[in-house]
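Observations on the model geometry
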Amino acid sequence: MGPTAKNCKVLVILGVLFVLLPVSGWAAPPVSIEVKTVLAATGENYLDPRLSEMARELQGLFRYTSYRLLGSDRLTLQPRQTGNVALPGNRRLQITYQGVENRRVELLLKMYKNRNSVFETSIRLNNRSSLIVGGPRYEKGYLLFNIYSAF
Amino acid sequence: MGDDQEHCNQEMLNRYVDRETSPEQMQRIELHLQRCPGCRQYVKLHGELAQRLQREVSASKQRVDFDELEQRIVSAARRRSDRWGHLREVLFSWKLVLPVAATAALALFFFTSLFQSPPPPGPSAIINSFTGRVSSVMILETPQSHHTVIWYSEEATEGNGADSKKL
Amino acid sequence: MSDPLDESQLVNRLRDGEEAAFVMLVRRFQARLYGLAYAMTLDREESRDIVQEVFLKAYRNINTFKGESKLSTWLHRITVNQCLNWKRRWFQRRRWYQRPLAEESEDPSAVTLSDGNTPETRLREEQLQQHYMEALQALPDKARAVYVLKELEGMSYDEIAVTLRLNRGTVSSRLHYARKRLQSALRDYQHGD
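The shown structure was predicted, so the numbers you read here are calculated from the model rather than taken from an experiment. (Residues numbered from 1 in each chain as written. Chains lettered and ligands numbered in written order. Predicted model: local features only at pLDDT ≥ 70, side-chain atom pairs only at ≥ 80, totals over all residues.)

What about the overall build of chain C?
For clarity, the threshold we go by: Helix and strand labels come from DSSP, where a helix needs a run of H or I of at least four residues and a strand needs a run of E of at least two; each type is numbered from the N terminus. Note on burial: count the other C-beta atoms lying within 10 Å of the residue's C-beta; 20 or more is buried, 12 or fewer is exposed, in between is partly exposed, and C-beta positions come from the backbone. With C-beta atoms placed from the backbone, a contact is any residue pair whose C-beta atoms sit within 7 Å.
Of regular secondary structure, chain C possesses 10 helices and 0 strands. In chain C, the succession of helices and strands from N to C terminus is α-α-α-α-α-α-α-α-α-α. Evaluated residue by residue, chain C yields a buried proportion of 35% over its 193 residues. Partitioning the intrachain contacts of chain C with sequence separation of at least 6 by distance along the chain shows that 63% fall at a separation of at least 24.

Structure below.
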């Protein structure tokens, strides 16, 4: 029957909404992570237009004159899932998504170089926000890793 | 309209067309119609349109299988007369569906706004722990947007790996 | 099934939940209500759905029928309301009435109004019919309801007033408005007297 069939559809949609909404409220949602690898250096003046916002922030902290985007990687992780990002200089960043608490994404970051562990850090990152990890020397500058997460 | 302007009253003409006038009014209008081609045309047009509508509906009715429609209606009534049918009727009534939909929309808005609201003030990231074979580590924060920065020096890892920093 | 019941008997049996009475009700009124729904919507499928819904509503709400008006008036009211409240009407109203010439020519009930049967005359008749249907559909809902009850059902102003719960003056003015709109829309097709 026409009208009932349409009402059925409405109810199914509502049902799905009611099932999904609590799930989204109680269980940790999947998280999207983007890691941008940047080479910061002194000497020439260069700012990659894709980094203008980040560079503006960093210029208040550091005195580098050049910010060059070397690469960008995206991951989508479920809770307790681990992903890896290959970085320059035979480095690897291992990211484990541990969950969401107080609207912050809990991540465990492990940095490796030549298969050796360099550091391990546990962080709680604001949703739709980023953390910058930097310091290793690379070519004529320093590497920065901008780690952004959103759910 | 006609040559007898003072009598071209369309509302009255409508009542004449619809046989809603008194016999005296009818007589007066008929006299007027004899002299007024515009009003005659009005009456003729609406008489024809009524016929057209009746013919259109009649043609449509001929294409309907009313036995099948009857069965459909009776079956639907049977289905609805059982208990589940009644419950479904209540559940599917727009009186219920609309408030439920509105509630769902509000709930959706609430959850969405909860998760998409701007980040709270303070650093973008809180560092719970940091361990590793690094020669130095600094936790910094950018001045405007308070982005957290971990700055480390990995020289120690290239050496003997003797140093280890722990926060 | 014979249909010997008068209206009050039929209503009483419907109140008792007799299926046979419901079948009689459907059989007695479905064609008329379909016609009304079709005149309001100009859509066959829509009209079938509306008629079904009208009978189901009547079946469910028969206890609210007080017998102050005729059963047919009550059913007509439900039908008009169902047409006006039909949830798809905002789509339907944007769909212009369109009927191919071939369909008309195959219709045994189709009789041309004019005496002439030249292709030009026939084409003109078809165009007039189409423009009329479009103009009818473009009427505001409330004016269309009054117009259809008058021109299709042949109801008096008083009957329309009872069916639509309006006063007589409103019926008269809406009808006047509807006819003026139609006349204006069909101005190019009017013949001289």
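What to know about the overall build of chain A
The secondary structure content of chain A amounts to 2 helices and 9 strands. Taking all contacts inside chain A whose residues are at least 6 apart in sequence as the whole, residues at least 24 apart take part in 45%.

Examining the environment of Leu71(C)
All names here are of chain C. Secondary-structure assignment places leucine 71 in helix H4 (residues 71–85). Separated by 61 residues in sequence, leucine 71 and leucine 10 have C-alpha atoms that sit 9.6 Å apart. Discounting residues that sit within four places of it in the chain, leucine 71 has contacts with Glu7 and Val11.

Observations concerning the packing of helix H1 (residues 10–17) of chain B against helix H10 (residues 168–185) of chain C
Here is the rule we go by: Axis geometry follows a simple rule: fit a line to the C-alpha atoms, using only the stretch in contact for helices, then measure angles between N-to-C directions, giving values from 0 to 180 degrees. The cut-offs work like this: below 35 degrees is roughly parallel, past 145 is roughly antiparallel, 65 to 115 is roughly perpendicular, and the gaps in between are oblique. Gly falls in the polar group here, along with every residue not listed as nonpolar (Ala, Val, Leu, Ile, Met, Phe, Trp, Tyr, Cys, Pro) or charged (Asp, Glu, Lys, Arg).
Where H1(B) meets H10(C), the axes come as close as 10 Å, and the angle between the chain directions of the two elements is 100°. Here H1(B) lies roughly perpendicular to H10(C), going by the angle between them. Contacts between H1(B) and H10(C) involve Gln10(B), Glu11(B) and Asn14(B) from the first element and Ser172(C), Leu175(C), His176(C) and Arg179(C) from the second. When grouped by side-chain class, the residues that make up the contact of H1(B) with H10(C) number 1 nonpolar, 4 polar and 2 charged.

Topic: the confidence of the model for chain C
Segments scoring low in pLDDT should not have their predicted coordinates read at a detailed level. All names here are of chain C. Just so we agree on the cut-off: As a per-residue measure, pLDDT reflects the predictor's confidence and takes values from 0 up to 100.
Confidence in the prediction for chain C averages 81 pLDDT; 78% of positions are at 70 or higher. Mean pLDDT values over the elements of chain C span from 44, in helix H6 (residues 101–106), up to 94, in helix H8 (residues 141–151). Across residues 90–116 the pLDDT falls below 50, and counting only partners more than four positions away or on other chains, this stretch makes 30 contacts in the model. Overall fold confidence (pTM) sits at 0.51, and the ipTM for the predicted complex is 0.82.

Regarding the sheet that holds strand E9 (residues 141–150) of chain A
To keep things clear, this is the line we draw: We treat two strands as partners when DSSP finds at least two bridges between them.
Read from one edge of the open sheet, 7 strands run E2(A)-E3(A)-E1(A)-E9(A)-E8(A)-E3(B)-E2(B), paired in mixed fashion. Each having just a single partner strand, strand E2 (46–47) of chain A together with strand E2 (136–141) of chain B make up the two edges of the open sheet. In the sheet, strand E8 (residues 129–138) of chain A pairs with strand E3 (residues 148–153) of chain B via 4 bridges, with the strands oriented parallel. Opposite Gly134(A), over in E3(B), you have Trp151(B) as the bridge partner.

Remarks on the pairing of strand E6 (residues 104–113) of chain A
Residues and elements named next belong to chain A. Where strand E5 (residues 91–101) meets E6, 10 bridges bridge the pair, whose relative direction is antiparallel. Counterpart to glycine 99 in the pairing with E6 is glutamate 106. Between E5 and E6, which pair antiparallel one after the other, the connecting turn spans 2 residues, and asparagine 102 there sits at a positive phi close to 50°. Relative to strand E7 (residues 116–126), E6 runs antiparallel, the two sharing 10 bridges. Across the sheet, residue arginine 104 finds its bridge partner in E7, namely asparagine 126. Hairpin connection from E6 to E7: 2 residues lie between these consecutive antiparallel strands, with asparagine 114 at a positive phi of about 50°.

Brief notes about the pairing of E7(A)
Pairing between E7(A) and strand E1 (residues 125–132) of chain B: 7 bridges, direction antiparallel. Bridge pairing in E1(B) places Phe119(A) opposite Gly132(B).

Some thoughts on unusual backbone geometry
One non-glycine residue, Arg115(A), lies in the positive phi region at around 70°. Following the sequence through the fold, Arg115(A) ends up in the loop between E6 and E7. With 7 C-beta atoms packed within 10 Å, Arg115(A) lands in the exposed category. Not every positive phi belongs to a glycine, and Arg19(B) is a case in point at roughly 55°. With respect to the helices, strands and loops of the structure, Arg19(B) is situated in the loop between H1 and helix H2 (23–35). For Arg19(B), a count of 10 C-beta atoms within 10 Å corresponds to the exposed category.

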